[in-house]
Amino acid sequence: FSKALPPGTINFISGSGRTTMPPLMESGKIDSLAFIGGSGAADKLIKAHPEPHRLKLFLQLEAKNMGVYLPDLFDSDSDDAHMDRIMKETVAGTLSFNGQRCTALKLLFVPKDHAEQFSNMLAKRVE
């Protein structure tokens, strides 16, 4: 992440969402919320914020397990063997057990400038 995002852009908090998130939201110190989960839980978190109308929200309700591919992956420094391994892991993560396991990748986020390249490489790997 260090090449793509400035320090402090993303902060990870470990623990149960039911115990860690309510105090953070109630504090009003959260400016943005990226949430993946159920709509009921999202509603509770948003309503817990003292100024919910000021929150910047990214909600993936009822969705889960995203693959995020950062721009530096596509730099000229990335060799073919590295990209081949990424495609192998992406296919395994999405299609093993016919995609019917709870940990299967459901969404793949790829930089727009590399979407066609990524799609072609993935299609070739699936064939």
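Conventions used here
Residues numbered from 1 in each chain as written. Predicted model: local features only at pLDDT ≥ 70, side-chain atom pairs only at ≥ 80, totals over all residues. Heavy atoms only, no water. Helix = DSSP H or I, 4+ residues; strand = E, 2+ residues; numbered from the N terminus. Expected span 1.5 Å × (residues − 1). Buried < 20%, exposed > 50% of the residue type's maximum accessible area, 1.4 Å probe, protein only. Arc of directions from axis to C-beta. Contact = heavy atoms within 4.5 Å. pLDDT = per-residue confidence, 0-100. Pairing = 2+ DSSP bridges. Right-handed = clockwise from strand over helix to strand, strands pointing away. Salt bridge = Lys/Arg side-chain N within 4 Å of Asp/Glu carboxyl O.

Participant: Any chance you could explain helix 3 (residues 80-95) here in plain terms?
Facilitator: Helical geometry: 3.6 residues make up each α-helical turn, so side chains three or four residues apart lie on a common side. Its 16 residues place the ends of helix 3 22 Å apart at the C-alpha level, agreeing with the 22 Å of an ideal helix rising 1.5 Å per residue. Within helix 3 the residues assigned to the buried category are Met-83, Ile-86, Met-87, Thr-90, Val-91, Gly-93 and Thr-94. Burial along helix 3 is one-sided: seen end-on, the buried residues are contained in an arc of 165°. Along helix 3, the residues that are exposed and aim more than 90 degrees away from the buried face are Ala-81 and Arg-85. On its buried side, helix 3 packs onto strand 4 (107-109) and helix 4 (115-126).

Participant: Help me out: how do you make sense of helix 1 (residues 17-27) in this one?
Facilitator: Residues of helix 1 that are buried include every one of Thr-20, Met-21 and Met-25, and no others. Buried residues along helix 1 cover an arc of 115° about the axis, so they all sit on one side. Within helix 1, the exposed residues directed more than 90 degrees away from the buried face are Arg-18, Thr-19 and Glu-26. Where helix 1 terminates, the next one or two residues include Gly-28, which has phi positive at roughly 80°.

Participant: Teacher, can you tell me more about the confidence of the model for the protein here?
Facilitator: Fine structural detail should not be taken from predicted coordinates in areas where pLDDT scores are low. Averaged over all residues, the pLDDT of the protein equals 84, while 94% of them reach at least 70. Between the elements of the protein, mean pLDDT differs from a low of 82, seen in strand 1 (residues 32-37), to a high of 92, seen in helix 4.

Participant: Explanation requested: the pairing of strand 2 (residues 56-61) in the structure shown.
Facilitator: Regular strands place their side chains on alternate faces of the sheet. Across six bridges, strand 1 lies against strand 2 in parallel orientation. Counted as the bridge partner of Ser-32 is Lys-56 from strand 2.

Participant: Teacher, can you tell me more about the pairing of strand 1 here?
Facilitator: Of the two faces of strand 1, the one holding Leu-33, Phe-35 and Gly-37 is buried and the one holding Ser-32, Ala-34 and Ile-36 is not buried anywhere. With helix 2 (residues 39-48) bridging strand 1 and its parallel neighbour strand 2, the resulting β-α-β unit is right-handed.

Participant: I keep staring at the pattern of salt bridges and nothing clicks. Help me out?
Facilitator: Any two side chains of opposite charge can pair if their charged atoms end up close together. Enumeration according to the criterion identifies two salt bridges in this entry. In this structure, Arg-54 engages Glu-51 in a salt bridge whose closest nitrogen and oxygen atoms are separated by 3.6 Å. Look at Arg-54 and you get exposed, because its relative accessible area is 58%.

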